[in-house]
Amino acid sequence: MSANHDRSNLLEVRGLTKIFGSLTACDHIDLNIAKGEIHALLGENGAGKSTLVKMLFGSLEPNAGEIFWDGKPVKITSPGVAKKLGIGMVFQHFSLFEALTAAENIALSLNDGSPISTIAAKARALSFSYGLPLDPDSLVGDLSVGERQRIEIIRCLLQTPQLIILDEPTSVLTPQEADKLFETLERLRSEGKSILYISHRLEEVKRICDSATVLRHGKVVGHCNPRQETAASLARMMVGSEVKAVERAPAEGIETAPALLEIRGLTRKPATPFAIPLKNINLTVRAGEVIGIAGVAGNGQGEFFESVSGEVLQQDAGSVRIRGKDVGALSITGRRLMGAAFVPEERLGHGAAPRMKLSENLLLSRHATDGKAFVGSGGMVKNSTVYSAAQRIITAMDVRKSAPDPEAAALSGGNLQKFIVGRELDRKPSVMVVNQPTWGVDAGAAARIRQALIELARSGSAVLVISQDLDELFELSDAIAVMHNGDLSKPLPIAEATFEKIGLLMGGAEPGHAEHSLEMA
Amino acid sequence: MMRIELVKRPQRSALFSVLSPFIAFALTMIAGGIMFALLGVNPLDAFNIYFIQPISEVWQLHELAIKAAPLILIAVGLSVCYKANIWNIGAEGQFIFGAIFGSIIPVLFPQFEGPLVIPLMLLLGMVGGAFYASIPAFLKTRFSTNEILTSLMLVYVAQLFLDWLVRGPWRDPEGHGFPQTIQFGDSAVLPELMPDAGRANWGFVFALVAAVAIWLMMSRMLKGFEVRVLGSSPRAGRFAGFGFNRMVFFTFLLSGALAGLAGISEVSGAIGQLQPVISPGYGFTAIIVAFLGRLNPLGIVAAGLVLALTYLGGEAVQSALGISDKVARVFQGMLLFFVLGCDTLIHYRIRLIGMALTKANGTAQLEAAPKLEEAR
């Protein structure tokens, strides 16, 4: 097995296998990363990307297989070992302390006892030389998500890695910020460093990656040069079949349709020192339309969702209206009974209780709206009715699972999301508010969820979608508004919206003055 | 230098989740055997006296039921709290207040007799326990105080309040100065179940009924679902529209009422009057019972009988071997320790990590660096 390891390859992986119980998450994976290349790792959710990367970074131990670093066999038994070899990782979810400065956060991970001022100076120098300007003395809590990512990248670069693993790095960036990041990555490549780039955004991969390894169901289905492929051919490799394009019939007569969800001057003070205040938000969603809210994560979308859903109540009852009634003082249950349905961003722990079965998770959001059907006399739950309703949703949304009624945590992200969205669609709500409908969801499932949301709107409901994924919003929405720092711009009708205009608004150009800002830029 | 880390297991073993209480019990026996040996007693003899002899005759089983009843009643209430991730540690105080409230009728109105007395006393007992439990609930919801501290500290307040009552205003004027109330009248005494066979009273029936009722609630009813959701994922609970503050009050009032019922049943059944001390620590031992029973009301019935046996065994070794009956406390403590230890090892494995990492150049050293050692 230890034949042909080429010294021009920085990392070679042969037959790497990881088994969890009955599931083979990674099945004899082969992967070569050459020196000075950007290598894409493609695959749907649950294809085994994270498992593979965790083995490369030493946080999981492989059951079988070999790893060669610079031609020599190595065992990566812990992240510390990976770091010593020269493997750095930038995670999708940052691990930063908001109450500390950027430099202090970096010092914590370096853990080598050098004084903060030295680290700050090094970080500042490095950040400017790579075109990632960062003030090491600023509090993380005050920084945007893009800036926080820079801290993570600089923290990684300070350890002078030869191989940098980036997990979905652009999912939290505006298009303009992503362009900046690509410049940095190309700069690193020109210095001979290798990059393993995990993404499901195929256009990006085509643009910056030199080679790609595609995973499906834990197996390598192909190595290719993404520049010679089309986005459609890459998607086919990932999914194994054609992904149906989402169809959006033009919305007609929207202007005269009744307003089902109205937000009138919604204002909210920050609940914690690092929360975003909501500033006088106004928005109307009419029957039959999908309104999208774009924005970089952490600009108040979470606060906005909580206020609209009724998890947090409003001082002014009229600031949220559902079907013409003031609901600002109603709880989430009260708003559901008015015909509204909600899908939060976090699946596990917010939209669903991880250790509970799917049928119990159905009860979670519908115990009141379907009280007659699901709960009998004396508060006894009608388990069989709930169970068959859950099965109905599972069939309708094509939720793939390993047991008839598994725990929510046992499902892959995409399948759980299909269930959570399906749970609300099953009620045929007249108002549906969804935060990040397809975050971390594979292409096939995402298309299905988006199509379902459009169909709900066209059947006469009002649908509000909050998302960081611009492609998604352009696919779904009849108009897009942008949330930045707790402000919401006026919705731009989809015919007038472009990536540039929305991107500038996401970056903080004054709402309502998109044209003007464009001229400036 | 070694560092010990707990690493979360990817999967929980279903087998060991079931075996855990039994393993804990076995480990307790081993440690207990060592303790008896160190005390200079043959462990086998001691075990015979401690665990076998106290339940070898029918009347002794009645004694076991008397001890088990309050433990089970309190523990099923506590299990609801703990499932909701709310930590009522003050059941001992709620037990005492239940006893005090329930005793109002026989102590202050001894002339009131008839079949209504007992139901009223039981009801007042539940009100007393619930009232006393509402204090930490109020403090937690209003001022975000830690309910572990407040409920625990209120236990001592309750104990001293009872002490003052029986030495002061409620002291039996014809009791020769003894700190106790008058003996309860006949209609204020909880009837025995089978007076010919032994002393066990209706308290044990209440315990069984409570266990089945709470089991039904937790497994079949929307309320139980609410408890489980809020306990395991509070944010999902809020999304479901379940109120956390309402849940704090619900669990405290429910567990307080059951502890209060246990208190008045104990006083009106087994004791027959109020004294400075009416509980050998039932409220605290019930915490062990709740966990040993896996927070499952039916498991709690079994666990309650086991812990009741530790009390009887403690008394037995004291009279037979002259060992302090504090040995019962030791057994209870060890049992809780081993139960929690086993439960922790189901969820986590232990990893020992060498701190002396040398500067590594080659692969060989890298491989050797972190030594993994797994606990069972």
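Residues numbered from 1 in each chain as written. Chains lettered and ligands numbered in written order. Predicted model: local features only at pLDDT ≥ 70, side-chain atom pairs only at ≥ 80, totals over all residues. Heavy atoms only, no water.

### A closer look at the overall build of chain A
A count of helical and extended segments in chain A gives 18 helices and 21 strands. Overall, the C-alpha framework of chain A stretches about 70 × 55 × 45 Å when taken along its three principal axes. Restricting to contacts in chain A with at least 6 residues of sequence separation, those with at least 24 account for 65%. Here chain A has roughly 21100 Å² of accessible surface; of this, 52% comes from carbon and sulfur atoms. Charge separation in chain A, taken as the distance between the mean sites of 56 positive and 61 negative side-chain charges, equals 5 Å. (Helix = DSSP H or I, 4+ residues; strand = E, 2+ residues; numbered from the N terminus. Contact = heavy atoms within 4.5 Å. Areas by Shrake-Rupley, 256 points an atom, 1.4 Å probe, with all protein chains shown as cover. Lys, Arg positive; Asp, Glu negative; His and termini not counted. Charge placed at Lys NZ, Arg CZ, Asp CG, Glu CD.)

### Things to note about the nonpolar core
Counting residues in hydrophobic clusters, the biggest one holds 209 residues, and the most contacted among them are A:Leu185, A:Met432 and A:Ile502. In terms of residue count, helix H3 (residues 58–83) of chain B provides more of this core than any other element does, 14 residues in total. A:Met432 has contacts with A:Ala341, A:Val343, A:Val421, A:Glu424, A:Leu425, A:Leu453, A:Leu456, A:Ala462, A:Val463 and A:Leu464, leaving out every residue within four places of it along the chain. (Core = buried A, V, L, I, M, F, W, Y, C linked by side-chain atoms within 4.5 Å. Buried < 20%, exposed > 50% of the residue type's maximum accessible area, 1.4 Å probe, protein only.)

### Quick notes on the sheet that holds strand E11 (residues 259–268) of chain A
Residue and element names in this part refer to chain A. Strand order in this open sheet of 4 strands is E12-E11-E14-E15, and the pairing throughout is antiparallel. Each edge of the open sheet carries a strand with a single partner, namely strand E12 (278–286) and strand E15 (325–326). Across 3 bridges, E11 lies against strand E14 (residues 320–322) in antiparallel orientation. Paired with Glu262 across the strands is Arg321, a residue of E14. Sitting on the sheet, helix H9 (residues 301–309) is in contact with E11, E12 and E14, with an inclination near 120 degrees to E11. (Pairing = 2+ DSSP bridges. Axes fitted to C-alpha atoms, helices over the stretch in contact; angles between N-to-C directions.)

### Quick notes on the pairing of E11(A)
Bridging between E11(A) and E12(A) involves 6 bridges; their strand directions are antiparallel. Residue pairing in the sheet places A:Glu262 in a bridge with A:Thr284 of E12(A).

### A short note on the interface of chain A and chain B
Where interface size is given, it is often the accessible area lost as the parts come together that is meant. Every contact between the two is made by 40 residues of chain A and, on the other side, 25 residues of chain B. Taking both partners together, chain A and chain B bury about 2700 Å²; carbon and sulfur atoms supply 62% of that area. Across the chain A-chain B interface, the total number found is 3 salt bridges. The shortest N-O distance in the salt bridge between A:Glu306 and B:Arg235 comes to 3.9 Å. Across the chain A-chain B interface, the total number found is 8 residue pairs in polar contact (both at pLDDT 80 or more). (Buried area = accessible area lost by both parts, 1.4 Å probe. Salt bridge = Lys/Arg side-chain N within 4 Å of Asp/Glu carboxyl O. Polar contact = N/O pair within 3.5 Å; in protein donor to acceptor, adjacent residues only side chain to side chain.)

### A short note on the packing of helix H8 (residues 203–220) of chain B against helix H9 (residues 222–232) of chain B
Residue and element names in this part refer to chain B. Where H8 contacts H9, the two axes come as close as 5 Å, and the packing angle between them is 70 degrees. In terms of axis orientation, H8 runs roughly perpendicular to H9. For the pair H8 and H9, the contacting residues are Met217, Met218 and Arg220 in the first and Leu222, Lys223, Gly224, Phe225, Val227 and Arg228 in the second. Classifying every residue of the contact of H8 with H9 by side-chain character gives 5 nonpolar, 1 polar and 3 charged. (Parallel < 35°, antiparallel > 145°, perpendicular 65-115°, else oblique. Nonpolar A, V, L, I, M, F, W, Y, C, P; charged D, E, K, R; others polar.)

### A look at the pattern of salt bridges
All names here are of chain A. Scanning the entire structure with this criterion turns up 38 salt bridges over all chains. For Asp179, the salt bridge is made with Arg207, and the minimal N-O distance between the two is 3.1 Å. Of the two residues, Asp179 sits in helix H6 (residues 175–190) while Arg207 sits in helix H7 (residues 202–208), which places them 28 residues apart along the sequence. Residue class for Asp179 comes out partly exposed when judged on its relative accessible area of 31%. The salt bridge partner of Glu262 is Arg321, with a shortest N-O separation of 3.5 Å. Separated by 59 residues along the polypeptide, Glu262 in strand E11 and Arg321 in strand E14 bring together distant segments of the chain. On the basis of relative accessible area, Glu262 is assigned to the buried category, the value being 12%.

### A look at the domain arrangement of chain A
Residue and element names in this part refer to chain A. Splitting chain A by domain gives domain 1 (9–239), domain 2 (246–339 + 429–521) and domain 3 (352–428). Taken over C-alpha atoms, the centre of domain 2 sits 26 Å from the centre of domain 3. It is Arg336, Pro429 and Arg448 in domain 2 that bury the most area against domain 3; as a group they hold 41% of the surface buried on that side. Here domain 2 is connected to domain 3 by 5 residue pairs in polar contact (both at pLDDT 80 or more). Of all elements in the fold, only helix H10 (332–337) and helix H15 (443–458) reach the threshold of two or more residues within the side of domain 2 that touches domain 3. Ranked by residue count, the leading element in the side of domain 2 that touches domain 3 is H15, at 5 residues. For the side of domain 2 that touches domain 3, the residue count by class is 9 nonpolar, 5 polar and 2 charged. (Domains from an automatic or database assignment.)

### Observations regarding the environment of A:Ala257
Residues and elements named next belong to chain A. Within the fold, Ala257 resides in the loop between helix H8 (231–239) and E11. Sequence separation of Ala257 and Lys35 is 222 residues, and the distance between their C-alpha atoms is 59 Å. Those residues in contact with Ala257, other than ones at most four positions away along the chain, are Arg286 and Ala287.

### Structural notes on the packing of aromatic side chains
A full pass over the atoms with the stated rule returns 25 aromatic pairs over all chains. Ring geometry for A:Phe305 against A:Phe342: centres 6.4 Å apart, planes inclined by 90 degrees, an arrangement best described as edge-to-face. Of this pair, A:Phe305 sits in helix H9 while A:Phe342 sits in strand E16 (residues 340–343), and the two are 37 residues apart along the sequence. Owing to a relative accessible area of 1%, A:Phe342 belongs among the buried residues under this scheme. Across from the ring centre of B:Phe239, 4.7 Å away, lies the NZ or CZ of A:Arg336, which sits over that ring. (Phe/Tyr/Trp six-rings, centres within 6.5 Å; stacked < 30°, edge-to-face > 60°. Lys NZ or Arg CZ within 6 Å of the ring centre and 35° of its normal.)

### Description of the environment of A:Leu185
Residues and elements named next belong to chain A. Tracing the backbone through its elements, the reader meets Leu185 in helix H6. Residue class for Leu185 comes out buried when judged on its relative accessible area of 3%. With 247 residues separating them in the primary sequence, Leu185 and Met432 have C-alpha atoms 39 Å apart. Apart from residues no more than four positions distant in its own chain, Leu185 is found in contact with Ile38, Leu166, Ile195, Tyr197 and Ile208.

### Notes on the confidence of the model for chain B
The predicted model of chain B averages 89 in pLDDT, with 93% of residues at 70 or higher. Note on residues 356–376 of chain B: pLDDT under 50 across the span, and 32 contacts to partners over four residues away in sequence or across chains. (pLDDT = per-residue confidence, 0-100.)

### A short note on helix H1 (residues 14–38) of chain B
All names here are of chain B. Over its 25 residues, H1 extends 36 Å from the first C-alpha to the last, a length consistent with the 36 Å expected when each residue adds 1.5 Å. Along H1, the sharpest kink reaches roughly 45 degrees, centred on Ser20 and followed within four residues by the proline Pro21. Each element contacted by the buried residues of H1 is listed here: helix H2 (43–52), helix H12 (282–292) and helix H14 (327–347). Directly beyond the C-terminal end of H1, a positive phi value near 85 degrees is found at Gly40. (Expected span 1.5 Å × (residues − 1). Bend = angle between axes of the 7 residues up to and from the residue.)

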